[in-house]
Amino acid sequence: MKMKFIAIAVASAIPAYSASAATVFENDDTTLNIGGRIEVRGNISDANKDDENKDNGGNSNSFDDKSRARLSVDGKKTISNDVAFVGKYEFELTEKDDNSKDDTEINTRHLYTGVESSLGNLYYGHQNNALTYLTDWTDMAEVYSGYVNEYTVASADRAKNVLRYTIATDSGLTFQVSGNFNSESEYDANRSDGYSTVLAYSLPMGVELGIGYASSDETYGNGTDKDTSDAYILAARYTNENGISAATMYQAGSISKLGIKDSDYNAVETYLGYSFGDNAINLTYNYFSADDIDELDIQFVAAEYARYFGNVALYGSYKYNLLDNGDGGYGDNDKDELMLGMRYAF
């Protein structure tokens, strides 16, 4: 089947399905799924203002549109009871800030293939790092969570040129390891080699414990100077049938960035959620502090309410920033924020 025909078939099938990750083709050994979201979001914060340049056309409005759309296509080819080949492509569309005619930005989130077997799964491409298995535990809010692990390529949620192996046992043990090869992430365009690995264990009472380590050979200066950044992670999460979920992650190590070499740092992220019926309340805390790089500072608490109507979500999220004026700036600002949004998933 030619690729052009596949693209047309997928696009024409989208309006016919309202459930997330719809199966658009299936036979005895092949499955093709599509999914995605259309999400409109408005952000209200003084961080959106450009007061220094307001006399020269800079933005003087506290409102900024953060809308986006995503589309994913994934497939699976089963070879036997023990082996299957898989592939996935997902991209995100946002609008550029300028007024150009072609004002759409495209960001690839996943582009990988792999083999899944009884001996574990092996994937290569633009995908999650191994450490993402742990950092996802606290990245559960609709908006303000998942901030403190994006500063290095090997600890980021996703990166290019990643080879990842995963295996999970019936006894509750999960192991993942990934390697980064001349890789870059969504928030760091500098090329890096590195790796990450995690080990987690599930207990019968809804508790899962995990440890992880990541190392990246990061370009940190204005030239080509490189130094190793590393991250040690301890994490735990809890879920029960009464709608209560909680997770916490502690991270420490050294980081080389913004012209500074080998700065010690520590970070904490905590999530607490309660769902009742079609409602959810989420509370988060994010903290990152490097000894010698104030621009990396992150510290805030956030509260969120979300209401779900099947595959539609309405939510409001408020972030109360705890940084002093002028602190941070690279991964987060020093202002309070309000985000209002509606998401339609298919």
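Heads up: the structure comes first, above all this text.
Everything numeric here is computed off the predicted structure, so don't read it as measured data.

1. Some words on a negative patch on the surface
Residues Asp262, Asp264, Asp291, Asp292, Asp294 and Glu295 make up a contiguous surface patch of negative charge. In this structure Asp262 comes out as partly exposed when scored by relative accessible area, which is 43%.

2. Overview of unusual backbone geometry
A positive phi angle, near 55°, is found at Leu258, a position not held by glycine. Turning to its location among the elements, Leu258 is positioned in the loop between strand 13 (244–257) and strand 14 (260–276). For Asp262, which is not a glycine, the phi torsion comes out positive at approximately 60°. Following the sequence through the fold, Asp262 ends up in strand 14.

3. Remarks on the layout of surface pockets
If you add up the space inside the largest pocket, you get close to 2100 Å³. As for the largest pocket, its lining consists of 49 residues, of which Arg41, Arg68, Arg70, Glu186 and Tyr187 are closest to the centre. Of all elements in the fold, only strand 2 (30–44), strand 3 (63–65), strand 4 (68–78), strand 5 (83–95), strand 6 (104–117) and strand 18 (337–345) reach the threshold of two or more residues within the lining of the largest pocket. Looking at the lining of the largest pocket residue by residue, the class counts come to 11 nonpolar, 12 polar and 26 charged.

4. Focus on a nonpolar patch on the surface
Together, Leu173, Phe175, Val177, Leu199, Tyr201, Leu203, Met205, Leu209, Ile211, Leu234 and Tyr250 give the surface a local cluster of nonpolar side chains, amounting to about 930 Å² of exposed area. Those elements that place two or more of their residues in the nonpolar patch are strand 9 (173–185), strand 10 (188–202) and strand 11 (207–219). Sort the elements by how many residues they give to the nonpolar patch and strand 9 lands first, with 3 residues.

5. As for empty space enclosed by the protein
In total, this model carries 2 cavities of 30 Å³ or more according to the counting rule given. Empty space within the largest cavity amounts to approximately 50 Å³. Taken together, 13 residues make up the lining of the largest cavity; nearest its centre are Thr152, Ser155, Gln251, Ile255 and Tyr265. Of all the secondary structure elements, the ones that give two or more residues to the lining of the largest cavity are strand 12 (226–239) and strand 13. If you go around the second largest cavity, the residues you meet are Ala141, Tyr144, Asn282, Leu283, Thr284, Ala302, Ala303, Glu304 and Ser317.

Analysis parameters
- Here the residue numbers are simple positions, counted from 1 along each chain's written sequence.
- The predicted nature of this model means local features are confined to residues of pLDDT at least 70 and side-chain atom pairs, given and counted, to a pLDDT of 80 or more, with totals for whole chains, interfaces and linings taken over all residues.
- Computation of side-chain values covers all heavy atoms of the structure but excludes hydrogens and water.
- To count toward a patch, a residue needs a relative accessible area over 30% and no salt bridge; like charges are then connected within 9 Å, while nonpolar side chains (Val, Leu, Ile, Met, Phe, Trp, Tyr) are connected within 5 Å.
- Each accessible area is a Shrake-Rupley estimate made with a 1.4 Å probe; only the visible protein chains count as cover when residues are assessed.
- Every case where a carboxyl oxygen of Asp or Glu lies within 4 Å of a side-chain nitrogen of Lys or Arg is listed as a salt bridge.
- We count Lys and Arg on the positive side and Asp and Glu on the negative side, and we leave His and both chain ends out.
- Note that the charge is assigned to NZ on lysines, CZ on arginines, CG on aspartates and CD on glutamates.
- Partly exposed describes any residue whose relative accessible area lies between the buried limit of under 20% and the exposed limit of over 50%, with all areas from a 1.4 Å probe on protein chains only and scaled to the type maximum.
- The secondary structure listing takes helices from DSSP runs of H or I that are at least 4 residues long and strands from runs of E that are at least 2 residues long, numbered from the N terminus.
- Whether a set of points on the 1 Å grid over the protein atoms alone is a cavity depends on a 1.4 Å probe fitting there but being unable to get out, while an open set qualifies as a pocket with protein on both sides within 12 Å along at least five of seven lines; lining residues are those with an atom within 4 Å of a point.
- Grid points are joined across faces, edges and corners, and a volume is the space filled by probe spheres set on the points.
- Under the grouping applied here, Gly and all other residues not named as nonpolar or charged are polar, the nonpolar ones being Ala, Val, Leu, Ile, Met, Phe, Trp, Tyr, Cys and Pro and the charged ones Asp, Glu, Lys and Arg.

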